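# Fold and contact review
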Amino acid sequence: MQSRGIAAFLGIPQPLFFGFVGLLLFMVGDGVEAGYLDTYMLHHGHTQGDVNLMFTTYGVTVMLSAWLAGPLSDLYGPRRTMWAGLLLWALLEVGFLSLGLGPDNLSMTLLFYTLRGFAYPLFAYGFLVWIAAATPSRMLGSAAGWFWFSFSAGLPTLGSQFARYTIPYIGELATFWCSLGLVIIGGLIALLFVRESIGSKPLIAAGADKKQVFFGSISIMWREPKTLVSGIIRTVNTSSEYAFLAIMPAFFVDQLHFSQSQWLDLLSLIFLGNILFNLAAGMLADKLGHRFVIAIGGCVGCCVTIPLFYYVPLWYPGNFTLAAIAGFVYGGTVAAFVPMSGLMPLICPKEKAAALSILGLGAGASTWVGPAVVSICESWFGMGLEGVIWSFSGLYLVAGVLTLCLRISPEAHRHTEMLEKKEKTAQIGRF
């Protein structure tokens, strides 16, 4: 009764309440390394090239796994997919720490970290598919907001803060081992305390062709072009964040002469804005419409706030407060894309997992598309940082135009209503 009351008050689907709690702890554990894994390796004799290679191969496996989470949830059910993600993460983390980082073996470090990239998307995006399958359409926006709140609050925000406070007491390597405990606790909370039945079984009809399910999670991009459009929009969504992590530290520290601690505080405020607006965007989508929030809050918002994030510190040199406000608002506009996760199941109600797998593919692609845009602007066109800023601003404007294509067809409306009627009937039958 207590969890039901809390869930109803917060706008979380009650049967999945402990899933959100578990996801938060799982992602805190996954995010422990985010703030210092690169420097740890550099301080233990590895080169920047080694670190870049490791993060690149990790990004590729994350992208592939984010796509796989959809068809695997269709075939085996979201719960089993999440179990696979949890077990993979735990086993590969043990190998990563005991055979790789611990003895400073680069080959083993690269191998196990790359393979571990398959793990967390199966858990996290498997749960996202579960949310889409078990949540009434009227709550999909707020449920998606809570998913991304739990995801982002853990990775990298609270995970990095956990490392900040534990490293001085137990050391860097022991802190890595703590992350394993957090992941296991979070995973078990989600998988053992959630009793919702839909996620415990395959989401497709019995006897369905497995090859067709996997092919369908790719062919949906041309069978339902709106999913391809959504994948492109999702790629644009966080591409600037990954680009800015590479180019903005030098801008603020070397050019504007902010201290290193000021830059880190500014980065934390950007992610704080993102976390808080994750919830607001999801709830607003249920009231104002998914496309409206994505197009205006996300696309137009980022188009405006990205230049402001660059120019405000130049216009007001040394003014940390104004720079922080600009960064906070920018983080909030990036979060306004959250309703994408609620919109796609409404556009493709017959193939929710396949549609969400394309969003996962776009999320993974953004990790390398953002830095690639920077390289293209600088290497091919000889642009400086200002040119990069306006290039990203233009990309979000293009994404805003593409968002106009994401209309829910009358057939999709009817199918969603039919599914909700069936679920209501099933709930009455259970009582």
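In this text the structure is predicted, and so the values were computed from the model without any measurement. (Residues numbered from 1 in each chain as written. Predicted model: local features only at pLDDT ≥ 70, side-chain atom pairs only at ≥ 80, totals over all residues. Heavy atoms only, no water.)

The next subject is the overall build of the protein chain. Looking only at helices and strands, the protein chain features 18 helices and zero strands. For 431 residues, the compact-globule estimate of 2.2 N^0.38 gives 22 Å, and the C-alpha radius of gyration of the protein chain, at 21 Å, lies within 12% of that figure. For the protein chain, the C-alpha atoms occupy an extent of roughly 65 × 50 × 45 Å along the three principal directions. Expressed as a percentage of its 431 residues, the buried residues of the protein chain come to 52%. Within the protein chain, contacts between residues at least 6 apart in sequence are counted, and of these 84% link residues at least 24 apart. Carbon and sulfur atoms make up 69% of the accessible area of the protein chain, which totals about 18700 Å². Separation of charge centres in the protein chain, based on 23 positive and 22 negative side chains, amounts to 17 Å. (Helix = DSSP H or I, 4+ residues; strand = E, 2+ residues; numbered from the N terminus. Rg over C-alpha atoms; globule rule 2.2 N^0.38 Å. Buried < 20%, exposed > 50% of the residue type's maximum accessible area, 1.4 Å probe, protein only. Contact = heavy atoms within 4.5 Å. Areas by Shrake-Rupley, 256 points an atom, 1.4 Å probe, with all protein chains shown as cover. Lys, Arg positive; Asp, Glu negative; His and termini not counted. Charge placed at Lys NZ, Arg CZ, Asp CG, Glu CD.)

To continue, consider the UniProt feature "domain: Major facilitator superfamily (MFS) profile" (unreviewed entry) in the protein chain. Within this numbering scheme, the UniProt entry marks residues 15–411 as carrying the feature "domain: Major facilitator superfamily (MFS) profile" (unreviewed entry). Each end of residues 15–411 is marked by a C-alpha atom, and these two atoms are 28 Å apart; helix forms 83% of the span and strand 0%. (UniProt positions renumbered as here; feature names shortened; annotations may be inferred.)

At a minimum axis distance of 9 Å, the contact between helix α13 (residues 290–315) and helix α15 (residues 340–347) shows a crossing angle of 140°. In terms of axis orientation, α13 runs oblique to α15. The handedness of the crossing between α13 and α15 comes out as left-handed. Of the residues in α15, those touching α13 at H290, R291 and I294 are M340, G342, L343 and L346. For the contact of α13 with α15, the class distribution of residues is four nonpolar, two polar and one charged. (Axes fitted to C-alpha atoms, helices over the stretch in contact; angles between N-to-C directions. Parallel < 35°, antiparallel > 145°, perpendicular 65-115°, else oblique. Left-handed = near helix turned anticlockwise from the far one by under 90°. Nonpolar A, V, L, I, M, F, W, Y, C, P; charged D, E, K, R; others polar.)

This part covers the environment of F20. Considering the arrangement of structural elements, one finds F20 in helix α2 (residues 17–31). Along the backbone, F20 and A124 are 104 residues apart, and their C-alpha atoms lie at a distance of 9.9 Å. For F20, the residues in contact, after removing those within four places along its chain, are I12, P13, F127, I131, A143, W146, F147 and S150.

Assignment of secondary structure puts G342 in helix α15. Considering only alpha carbons, one finds G342 and A285, 57 residues apart in sequence, at a separation of 8.7 Å. Leaving out residues up to four positions away in the same chain, G342 has contacts with L140, A144 and H290.

Counted under the stated rule, the structure contains zero disulfides. C302 carries a free sulfur, and the closest cysteine sulfur to it, the one in C299, is 7.5 Å from it. (Disulfide = S-S within 2.5 Å.)

Okay, the pattern of salt bridges next. Under the criterion given, the structure shown has five salt bridges. Taking the shortest distance from any N to any O, the salt bridge between R116 and E33 comes out at 2.8 Å. Residue R116 is found in helix α6 (residues 106–116), and its partner E33 is found in the loop between α2 and α3 (37–43); the two are separated by 83 residues along the sequence. The exposure class assigned to E33 is buried, which follows from its relative accessible area of 6%. Salt bridges here are not isolated pairs; linked through shared partners, they connect D30, E33, E93 and R116. (Salt bridge = Lys/Arg side-chain N within 4 Å of Asp/Glu carboxyl O.)

Backbone geometry places D104, a non-glycine residue, at a positive phi of 60°. Along the chain, D104 falls in the loop between α5 (78–101) and α6. We classify D104 as partly exposed; its relative accessible area is 32%. Of note in this structure, H257 is not a glycine but carries a positive phi near 65°. Among the secondary structure elements, H257 is positioned in the loop between α11 (225–255) and α12 (260–288).

Packing of helix α7 (residues 119–134) against helix α16 (residues 352–380) brings their axes to within 10 Å, and their N-to-C directions diverge by 140°. Judged by the sense of rotation from one axis to the other, the crossing of α7 with α16 is right-handed. Contact residues: Y125, L128, V129, A132 and A133 in α7; K352, A353, L356 and A363 in α16. When the residues that make up the contact of α7 with α16 are grouped by side-chain class, the tally is eight nonpolar, no polar and one charged.

Moving on to the confidence of the model for the protein chain. Per-residue pLDDT for the protein chain has a mean of 90; in total, 96% of the residues score no lower than 70. Of all the helices and strands in the protein chain, helix α1 (residues 2–10) carries the lowest mean pLDDT, 65, while α5 carries the highest, 98. (pLDDT = per-residue confidence, 0-100.)

Let us look at α16. Between its first and last C-alpha, α16 extends 39 Å over 29 residues, near the 42 Å set by a 1.5 Å rise per residue. Its maximal kink placed at S366, α16 deviates by approximately 40°. The positive-phi residue at the C-terminal boundary of α16 is G382, with phi of around 65°. (Expected span 1.5 Å × (residues − 1). Bend = angle between axes of the 7 residues up to and from the residue.)

Per the stated rule, a full pass over the model turns up 36 aromatic pairs. Here the basic side chain of R116 rests over the ring of F96, its NZ or CZ set 5.9 Å away from the ring centre. The lysine or arginine in question, R234, covers the ring of W148, its NZ or CZ lying 5.3 Å from the ring centre. (Phe/Tyr/Trp six-rings, centres within 6.5 Å; stacked < 30°, edge-to-face > 60°. Lys NZ or Arg CZ within 6 Å of the ring centre and 35° of its normal.)

Further remarks concern a nonpolar patch on the surface. Taken together, the side chains of L284, L288, F292, I296, V300, V304, L308, L314, W315 and Y316 present a nonpolar region at the surface, about 930 Å² in accessible area. Looking at the nonpolar patch, the elements that each hand over two or more residues are α12 and α13. Top contributing element to the nonpolar patch by residue count: α13, with seven residues. For W315, the position within the fold is in helix α13. Residue classification places W315 among the exposed residues on the basis of a relative accessible area of 54%. (Patch = residues over 30% accessible without salt bridge, like charges linked within 9 Å, V, L, I, M, F, W, Y side chains within 5 Å.)

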